[in-house]
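A structural walkthrough
As a plain string of letters, each chain reads:
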Amino acid sequence: MGNLLEYSGIVTKVRAMEAKLLKPEQFVEIANLGSVPEIADYLKKNTAYADALDTLTEDQIHRGNIEKVLTQSLYHDYTKLYRFCGQKQRQFMKLILKSYEIDLINYCLRIVINHYKQPFDLNYKRGFFDRYSQISIEKLITSRTTDELVENLKGTEYYAPLRKLKDSQDITLYDYNLTLDLYYFTSTWKEQKKVLKNADLELFMRDRGSKIDLLNLQWIYRAKKYYNMKPADIYLLLIPIHYKLSTDQVKEMVDAPGLEEFENAVARTYYARHYNFHQDLTIEQMYADCLHHLYTIDRRRNPYSIAAINTYLFLKEEEINKLTTAMECVRYGLTPGETLAYVGGKTQ
(Lines give C-alpha, C1' and ligand atoms only; values in the text may rest on other atoms or scores of the structure.)
Protein backbone atom coordinates (compact mmCIF):
# COMPACT_ATOMS: atom_id res chain seq x y z
CA MET A 1 0.00 0.00 0.00
CA GLY A 2 2.92 2.32 0.80
CA ASN A 3 4.30 2.09 -2.74
CA LEU A 4 0.85 2.63 -4.23
CA LEU A 5 0.46 5.91 -2.35
CA GLU A 6 4.05 6.93 -2.94
CA TYR A 7 3.96 6.37 -6.70
CA SER A 8 0.32 6.88 -7.68
CA GLY A 9 0.81 10.48 -8.85
CA ILE A 10 4.01 9.66 -10.74
CA VAL A 11 2.44 6.61 -12.42
CA THR A 12 -0.57 8.65 -13.57
CA LYS A 13 1.76 11.29 -15.03
CA VAL A 14 3.95 8.68 -16.73
CA ARG A 15 0.96 6.99 -18.35
CA ALA A 16 -0.19 10.29 -19.83
CA MET A 17 3.30 11.03 -21.15
CA GLU A 18 3.84 7.53 -22.51
CA ALA A 19 0.61 7.75 -24.51
CA LYS A 20 2.32 10.46 -26.57
CA LEU A 21 5.34 8.33 -27.55
CA LEU A 22 5.54 7.27 -31.18
CA LYS A 23 3.97 3.97 -32.25
CA PRO A 24 5.81 1.39 -34.40
CA GLU A 25 3.61 2.19 -37.39
CA GLN A 26 4.67 5.85 -37.16
CA PHE A 27 8.31 4.85 -37.58
CA VAL A 28 7.26 2.95 -40.70
CA GLU A 29 5.67 6.13 -42.05
CA ILE A 30 8.77 8.17 -41.14
CA ALA A 31 11.06 5.65 -42.88
CA ASN A 32 9.04 6.14 -46.07
CA LEU A 33 9.57 9.92 -46.14
CA GLY A 34 12.02 11.47 -48.57
CA SER A 35 13.87 14.17 -46.63
CA VAL A 36 14.62 15.60 -43.20
CA PRO A 37 12.20 18.55 -43.72
CA GLU A 38 9.46 16.02 -44.53
CA ILE A 39 10.23 14.21 -41.26
CA ALA A 40 10.05 17.52 -39.38
CA ASP A 41 6.71 18.30 -41.01
CA TYR A 42 5.41 14.83 -40.11
CA LEU A 43 6.48 15.25 -36.47
CA LYS A 44 4.81 18.68 -36.31
CA LYS A 45 1.51 17.35 -37.66
CA ASN A 46 1.31 13.96 -35.96
CA THR A 47 3.29 13.88 -32.71
CA ALA A 48 3.87 15.54 -29.34
CA TYR A 49 6.94 17.27 -30.80
CA ALA A 50 4.69 19.78 -32.60
CA ASP A 51 5.03 22.67 -30.12
CA ALA A 52 8.80 22.28 -29.84
CA LEU A 53 9.30 22.15 -33.61
CA ASP A 54 7.09 25.20 -34.07
CA THR A 55 9.88 27.24 -32.48
CA LEU A 56 12.04 26.59 -35.58
CA THR A 57 11.71 28.77 -38.66
CA GLU A 58 11.64 27.18 -42.10
CA ASP A 59 15.34 27.87 -42.73
CA GLN A 60 16.21 26.27 -39.35
CA ILE A 61 14.68 22.92 -40.28
CA HIS A 62 17.71 20.69 -40.56
CA ARG A 63 18.99 17.66 -38.70
CA GLY A 64 21.14 19.51 -36.16
CA ASN A 65 18.36 21.81 -34.97
CA ILE A 66 15.81 19.00 -34.90
CA GLU A 67 18.15 16.94 -32.70
CA LYS A 68 18.38 19.87 -30.30
CA VAL A 69 14.60 20.01 -30.10
CA LEU A 70 14.46 16.28 -29.40
CA THR A 71 17.05 16.62 -26.63
CA GLN A 72 15.14 19.52 -25.10
CA SER A 73 12.04 17.32 -25.15
CA LEU A 74 13.87 14.71 -23.06
CA TYR A 75 14.95 17.38 -20.57
CA HIS A 76 11.40 18.73 -20.46
CA ASP A 77 10.05 15.27 -19.63
CA TYR A 78 12.71 14.79 -16.96
CA THR A 79 11.64 18.11 -15.43
CA LYS A 80 7.95 17.16 -15.44
CA LEU A 81 8.69 13.88 -13.68
CA TYR A 82 11.05 15.52 -11.21
CA ARG A 83 8.29 17.89 -10.10
CA PHE A 84 6.03 14.93 -9.31
CA CYS A 85 8.69 13.11 -7.29
CA GLY A 86 9.15 13.04 -3.57
CA GLN A 87 12.56 13.48 -1.99
CA LYS A 88 13.51 9.81 -2.35
CA GLN A 89 12.61 9.67 -6.03
CA ARG A 90 14.49 12.91 -6.67
CA GLN A 91 17.65 11.34 -5.29
CA PHE A 92 17.14 8.50 -7.74
CA MET A 93 16.62 10.94 -10.61
CA LYS A 94 19.99 12.49 -9.83
CA LEU A 95 21.51 9.11 -10.70
CA ILE A 96 19.77 9.28 -14.08
CA LEU A 97 20.99 12.86 -14.56
CA LYS A 98 24.58 11.64 -14.45
CA SER A 99 24.20 10.04 -17.88
CA TYR A 100 23.19 13.44 -19.30
CA GLU A 101 26.21 15.01 -17.61
CA ILE A 102 28.55 12.39 -19.08
CA ASP A 103 27.10 13.05 -22.56
CA LEU A 104 27.72 16.78 -22.11
CA ILE A 105 31.35 16.30 -21.03
CA ASN A 106 32.01 13.87 -23.89
CA TYR A 107 30.60 16.41 -26.36
CA CYS A 108 32.90 19.12 -24.99
CA LEU A 109 35.90 16.79 -25.13
CA ARG A 110 35.20 16.10 -28.83
CA ILE A 111 35.09 19.83 -29.47
CA VAL A 112 38.43 20.70 -27.85
CA ILE A 113 40.31 17.59 -29.05
CA ASN A 114 39.16 18.02 -32.66
CA HIS A 115 39.71 21.82 -32.60
CA TYR A 116 36.36 22.71 -34.13
CA LYS A 117 36.28 26.30 -35.43
CA GLN A 118 32.80 26.93 -34.04
CA PRO A 119 33.32 25.14 -30.77
CA PHE A 120 30.29 25.15 -28.54
CA ASP A 121 26.58 25.25 -29.22
CA LEU A 122 25.11 24.55 -25.80
CA ASN A 123 22.69 27.38 -25.10
CA TYR A 124 19.77 25.01 -25.61
CA LYS A 125 21.04 22.91 -22.68
CA ARG A 126 22.00 25.75 -20.38
CA GLY A 127 18.66 26.23 -18.59
CA PHE A 128 18.33 22.57 -17.74
CA PHE A 129 21.91 22.14 -16.49
CA ASP A 130 21.83 25.39 -14.53
CA ARG A 131 18.81 24.10 -12.66
CA TYR A 132 19.66 20.45 -12.03
CA SER A 133 23.35 19.83 -12.58
CA GLN A 134 26.61 20.38 -10.73
CA ILE A 135 28.23 21.26 -14.09
CA SER A 136 28.49 24.86 -15.28
CA ILE A 137 28.05 25.17 -19.05
CA GLU A 138 29.19 28.79 -18.74
CA LYS A 139 32.58 27.52 -17.56
CA LEU A 140 32.84 24.64 -20.00
CA ILE A 141 32.37 26.78 -23.11
CA THR A 142 35.49 28.80 -22.27
CA SER A 143 37.66 25.65 -22.60
CA ARG A 144 40.09 25.46 -25.51
CA THR A 145 42.20 22.50 -24.38
CA THR A 146 41.51 19.29 -22.48
CA ASP A 147 43.46 20.61 -19.49
CA GLU A 148 41.27 23.71 -19.38
CA LEU A 149 38.15 21.60 -19.73
CA VAL A 150 39.15 19.34 -16.85
CA GLU A 151 40.00 22.36 -14.67
CA ASN A 152 36.59 23.83 -15.49
CA LEU A 153 35.06 20.69 -13.97
CA LYS A 154 36.74 21.39 -10.64
CA GLY A 155 34.19 21.18 -7.86
CA THR A 156 32.28 18.39 -9.60
CA GLU A 157 32.64 14.66 -9.07
CA TYR A 158 34.09 14.26 -12.57
CA TYR A 159 37.21 16.30 -11.86
CA ALA A 160 39.13 13.66 -9.91
CA PRO A 161 38.86 10.75 -12.39
CA LEU A 162 39.69 12.99 -15.38
CA ARG A 163 42.48 14.78 -13.52
CA LYS A 164 44.32 11.45 -13.19
CA LEU A 165 44.78 11.37 -16.98
CA LYS A 166 46.57 14.74 -17.14
CA ASP A 167 50.13 13.44 -16.83
CA SER A 168 49.61 10.36 -18.99
CA GLN A 169 51.18 10.14 -22.44
CA ASP A 170 49.30 10.09 -25.77
CA ILE A 171 45.84 10.40 -24.22
CA THR A 172 43.04 10.21 -26.80
CA LEU A 173 39.35 11.05 -26.80
CA TYR A 174 38.70 7.34 -26.39
CA ASP A 175 40.70 7.31 -23.14
CA TYR A 176 38.64 10.17 -21.72
CA ASN A 177 35.37 8.52 -22.80
CA LEU A 178 36.40 5.20 -21.26
CA THR A 179 37.39 6.86 -17.98
CA LEU A 180 34.03 8.62 -17.77
CA ASP A 181 32.08 5.46 -18.61
CA LEU A 182 33.90 3.43 -15.98
CA TYR A 183 33.42 6.16 -13.39
CA TYR A 184 29.73 6.54 -14.23
CA PHE A 185 28.87 2.87 -13.85
CA THR A 186 30.99 2.18 -10.78
CA SER A 187 29.82 5.32 -8.94
CA THR A 188 26.12 4.81 -9.63
CA TRP A 189 26.44 1.14 -8.68
CA LYS A 190 27.71 2.23 -5.25
CA GLU A 191 25.30 5.13 -4.83
CA GLN A 192 22.16 3.17 -5.67
CA LYS A 193 22.42 1.37 -2.30
CA LYS A 194 22.39 4.70 -0.49
CA VAL A 195 19.53 6.17 -2.49
CA LEU A 196 17.16 3.20 -2.88
CA LYS A 197 15.83 0.51 -0.56
CA ASN A 198 14.07 -2.85 -0.79
CA ALA A 199 12.08 -3.44 -4.00
CA ASP A 200 13.22 -0.20 -5.66
CA LEU A 201 16.86 -1.09 -5.06
CA GLU A 202 16.34 -4.60 -6.43
CA LEU A 203 14.69 -3.24 -9.58
CA PHE A 204 17.37 -0.65 -10.26
CA MET A 205 20.17 -3.14 -9.60
CA ARG A 206 18.54 -5.53 -12.06
CA ASP A 207 18.27 -2.86 -14.77
CA ARG A 208 21.69 -1.32 -14.18
CA GLY A 209 23.43 -4.68 -13.61
CA SER A 210 22.00 -6.14 -16.80
CA LYS A 211 23.03 -3.05 -18.77
CA ILE A 212 26.59 -3.38 -17.45
CA ASP A 213 26.72 -7.09 -18.34
CA LEU A 214 25.37 -6.46 -21.83
CA LEU A 215 27.76 -3.55 -22.44
CA ASN A 216 30.70 -5.69 -21.36
CA LEU A 217 29.51 -8.47 -23.66
CA GLN A 218 29.17 -5.98 -26.53
CA TRP A 219 32.60 -4.45 -25.93
CA ILE A 220 34.28 -7.88 -25.84
CA TYR A 221 32.63 -8.73 -29.16
CA ARG A 222 33.73 -5.48 -30.80
CA ALA A 223 37.27 -5.78 -29.46
CA LYS A 224 37.57 -9.24 -31.01
CA LYS A 225 35.76 -8.64 -34.30
CA TYR A 226 37.00 -5.18 -35.26
CA TYR A 227 40.27 -4.64 -33.40
CA ASN A 228 41.76 -8.09 -32.79
CA MET A 229 42.69 -6.98 -29.27
CA LYS A 230 44.63 -9.12 -26.85
CA PRO A 231 42.79 -10.36 -23.71
CA ALA A 232 44.88 -8.14 -21.40
CA ASP A 233 43.81 -5.06 -23.37
CA ILE A 234 40.16 -6.14 -23.47
CA TYR A 235 40.03 -6.40 -19.69
CA LEU A 236 40.97 -2.71 -19.48
CA LEU A 237 37.77 -1.82 -21.38
CA LEU A 238 35.38 -3.66 -19.11
CA ILE A 239 33.29 -2.27 -16.29
CA PRO A 240 34.53 -4.08 -13.17
CA ILE A 241 31.07 -5.18 -12.07
CA HIS A 242 29.49 -8.58 -12.66
CA TYR A 243 25.75 -9.07 -12.31
CA LYS A 244 24.52 -12.19 -14.11
CA LEU A 245 27.83 -12.84 -15.85
CA SER A 246 30.23 -14.67 -13.57
CA THR A 247 33.94 -13.92 -13.47
CA ASP A 248 34.61 -17.27 -15.13
CA GLN A 249 32.14 -16.53 -17.95
CA VAL A 250 33.72 -13.14 -18.63
CA LYS A 251 37.16 -14.77 -18.67
CA GLU A 252 35.93 -17.44 -21.11
CA MET A 253 34.59 -14.79 -23.50
CA VAL A 254 37.66 -12.56 -23.26
CA ASP A 255 40.06 -15.49 -23.73
CA ALA A 256 38.08 -17.02 -26.62
CA PRO A 257 40.49 -17.41 -29.58
CA GLY A 258 37.86 -16.47 -32.18
CA LEU A 259 34.30 -15.24 -32.71
CA GLU A 260 32.88 -18.75 -32.91
CA GLU A 261 34.33 -19.63 -29.50
CA PHE A 262 33.11 -16.28 -28.15
CA GLU A 263 29.56 -16.96 -29.40
CA ASN A 264 29.65 -20.44 -27.87
CA ALA A 265 30.59 -18.88 -24.54
CA VAL A 266 27.77 -16.31 -24.87
CA ALA A 267 25.31 -19.15 -25.52
CA ARG A 268 26.01 -20.48 -22.01
CA THR A 269 25.19 -17.20 -20.26
CA TYR A 270 22.03 -16.16 -18.43
CA TYR A 271 21.19 -13.70 -21.21
CA ALA A 272 21.30 -16.30 -23.96
CA ARG A 273 18.98 -18.53 -21.92
CA HIS A 274 16.45 -15.76 -21.28
CA TYR A 275 16.53 -13.80 -24.55
CA ASN A 276 16.51 -14.82 -28.19
CA PHE A 277 20.11 -14.41 -29.32
CA HIS A 278 19.60 -16.44 -32.48
CA GLN A 279 17.79 -13.82 -34.55
CA ASP A 280 19.48 -12.13 -37.48
CA LEU A 281 20.48 -9.14 -35.35
CA THR A 282 23.69 -7.23 -34.78
CA ILE A 283 25.23 -7.28 -31.31
CA GLU A 284 24.04 -3.66 -30.89
CA GLN A 285 20.46 -4.61 -31.78
CA MET A 286 20.54 -7.55 -29.37
CA TYR A 287 21.75 -5.18 -26.65
CA ALA A 288 18.89 -2.74 -27.35
CA ASP A 289 16.26 -5.50 -27.59
CA CYS A 290 17.35 -7.11 -24.31
CA LEU A 291 17.20 -3.80 -22.47
CA HIS A 292 13.82 -2.89 -23.96
CA HIS A 293 12.40 -6.24 -22.85
CA LEU A 294 13.94 -5.91 -19.39
CA TYR A 295 12.70 -2.38 -18.69
CA THR A 296 9.16 -2.98 -19.94
CA ILE A 297 8.81 -6.28 -18.06
CA ASP A 298 10.02 -4.68 -14.83
CA ARG A 299 7.51 -1.87 -15.17
CA ARG A 300 4.68 -4.29 -16.00
CA ARG A 301 5.42 -6.45 -12.96
CA ASN A 302 6.09 -3.51 -10.62
CA PRO A 303 3.96 -0.61 -11.85
CA TYR A 304 4.06 1.33 -8.58
CA SER A 305 7.82 1.51 -8.20
CA ILE A 306 10.93 3.25 -9.45
CA ALA A 307 10.44 1.25 -12.66
CA ALA A 308 7.73 3.73 -13.73
CA ILE A 309 10.27 6.55 -14.00
CA ASN A 310 13.19 4.43 -15.14
CA THR A 311 11.28 2.74 -17.95
CA TYR A 312 9.68 5.91 -19.26
CA LEU A 313 12.97 7.79 -19.54
CA PHE A 314 14.55 4.73 -21.19
CA LEU A 315 11.70 4.60 -23.76
CA LYS A 316 11.99 8.34 -24.39
CA GLU A 317 15.74 8.11 -25.01
CA GLU A 318 15.16 5.07 -27.22
CA GLU A 319 12.61 7.05 -29.27
CA ILE A 320 14.99 9.98 -29.72
CA ASN A 321 17.80 7.66 -30.79
CA LYS A 322 15.50 6.03 -33.34
CA LEU A 323 14.35 9.39 -34.71
CA THR A 324 17.93 10.63 -34.98
CA THR A 325 18.94 7.43 -36.77
CA ALA A 326 15.93 7.61 -39.09
CA MET A 327 16.79 11.19 -40.07
CA GLU A 328 20.37 10.18 -40.83
CA CYS A 329 19.22 7.22 -42.93
CA VAL A 330 16.73 9.31 -44.93
CA ARG A 331 19.35 12.04 -45.36
CA TYR A 332 21.72 9.53 -46.97
CA GLY A 333 19.05 8.04 -49.21
CA LEU A 334 18.61 4.61 -47.62
CA THR A 335 15.52 2.64 -48.55
CA PRO A 336 12.61 2.41 -46.07
CA GLY A 337 13.54 -1.22 -45.36
CA GLU A 338 17.15 -0.30 -44.63
CA THR A 339 16.07 2.57 -42.40
CA LEU A 340 13.71 0.35 -40.42
CA ALA A 341 16.45 -2.24 -39.99
CA TYR A 342 18.59 0.43 -38.31
CA VAL A 343 15.80 1.70 -36.03
CA GLY A 344 14.57 -1.77 -35.17
CA GLY A 345 11.21 -1.49 -36.90
CA LYS A 346 9.43 -3.76 -39.36
CA THR A 347 8.27 -3.07 -42.87
CA GLN A 348 4.59 -3.19 -43.63
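Heads up: these notes are all about the structure in this document.

Criteria and cut-off values
- Residues numbered from 1 in each chain as written.
- Predicted model: local features only at pLDDT ≥ 70, side-chain atom pairs only at ≥ 80, totals over all residues.
- Heavy atoms only, no water.
- Helix = DSSP H or I, 4+ residues; strand = E, 2+ residues; numbered from the N terminus.
- Contact = heavy atoms within 4.5 Å.
- Buried < 20%, exposed > 50% of the residue type's maximum accessible area, 1.4 Å probe, protein only.
- Arc of directions from axis to C-beta.
- Axes fitted to C-alpha atoms, helices over the stretch in contact; angles between N-to-C directions.
- Parallel < 35°, antiparallel > 145°, perpendicular 65-115°, else oblique.
- Left-handed = near helix turned anticlockwise from the far one by under 90°.
- Nonpolar A, V, L, I, M, F, W, Y, C, P; charged D, E, K, R; others polar.
- Core = buried A, V, L, I, M, F, W, Y, C linked by side-chain atoms within 4.5 Å.
- Polar contact = N/O pair within 3.5 Å; in protein donor to acceptor, adjacent residues only side chain to side chain.
- Phe/Tyr/Trp six-rings, centres within 6.5 Å; stacked < 30°, edge-to-face > 60°.

Even without glycine at this site, Asp 170 takes up a positive phi of about 55°. Structurally, Asp 170 is set in the loop between helix H10 (159-163) and helix H11 (173-195). Despite not being glycine, Asn 228 shows a phi value in the positive range, around 50°. Tracing the backbone through its elements, the reader meets Asn 228 in the loop between helix H12 (198-227) and helix H13 (231-237).

By the element assignment, Thr 79 lies in helix H5 (residues 63-84). Other than its neighbours up to four places away in sequence, Thr 79 contacts Phe 128, Arg 131 and Tyr 132.

Take helix H19 (residues 336-343) next. Taken as a whole, H19 has its buried residues at Thr 339, Leu 340 and Val 343. With its buried residues spanning 95° around the axis, H19 presents them on a single face. Those residues of H19 that are buried are in contact with helix H2 (24-31) and helix H18 (307-331). Positive phi appears at Gly 344, one or two residues downstream of H19, with a value of about 85°.

A separate point is the packing of H12 against helix H14 (residues 247-255). The N-to-C vectors of H12 and H14 enclose an angle of 15°; their axes lie 10 Å apart at closest approach. With respect to their mutual orientation, H12 and H14 come out roughly parallel. Remark: the crossing between H12 and H14 carries right-handed chirality. Along its contact with H12, which presents Leu 217, Ile 220 and Lys 224, the element H14 presents Val 250, Met 253, Val 254 and Asp 255. Looking at the contact of H12 with H14 residue by residue, the class counts come to 5 nonpolar, no polar and 2 charged.

Here we come to the nonpolar core. Judged by nonpolar contacts, the single largest core of 115 residues is most densely connected at Leu 43, Tyr 78, Phe 92, Met 93, Tyr 100, Ile 309 and Leu 313. Broken down by element, this core gets its largest block of residues, 13 residues, from helix H6 (residues 87-114). When neighbours within four sequence positions are excluded, Ile 309 is seen to be in contact with Ile 10, Leu 81, Cys 85, Gln 89, Phe 92, Met 93 and Ile 96.

Tracing the backbone shows Ser 133 in the loop between helix H7 (123-132) and helix H8 (137-140). Reaching out from Ser 133, the side chain makes a polar contact with the backbone nitrogen of Ile 135 at a distance of 2.9 Å. Setting aside residues up to four positions removed in sequence, Ser 133 forms contacts with Leu 97, Glu 101 and Phe 128.

Turning to the packing of H2 against H19, a few remarks are in order. One can describe the packing of H2 onto H19 by two numbers: an axis separation of 9 Å at closest approach and a directional angle of 135°. Regarding the angle of H2 to H19, the classification is oblique. Of the two elements, H2 crosses H19, and the hand of that crossing is right-handed. On H19, the residues touching Phe 27, Val 28 and Ala 31 of H2 are Pro 336, Thr 339 and Leu 340. Along the lines of polarity and charge, the residues of the contact of H2 with H19 split into 5 nonpolar, 1 polar and no charged.

Further remarks concern the packing of aromatic side chains. According to the stated counting rule, one finds 19 aromatic pairs in the structure shown. Summarising the aromatic geometry, the rings of Tyr 78 and Phe 128 are spaced 5.4 Å apart at their centres and angled 80° between planes, so their arrangement reads as edge-to-face. With Tyr 78 in helix H5 and Phe 128 in helix H7, this pair connects stretches of sequence that are 50 residues apart. Accessibility expressed as a relative area gives 8% for Phe 128, which makes it buried. Between Phe 92 and Phe 204, the ring centres sit 5.1 Å apart and the planes meet at 90°, which makes this aromatic pair edge-to-face. Note that Phe 92 is positioned in helix H6 and Phe 204 in helix H12, a separation of 112 residues in sequence.

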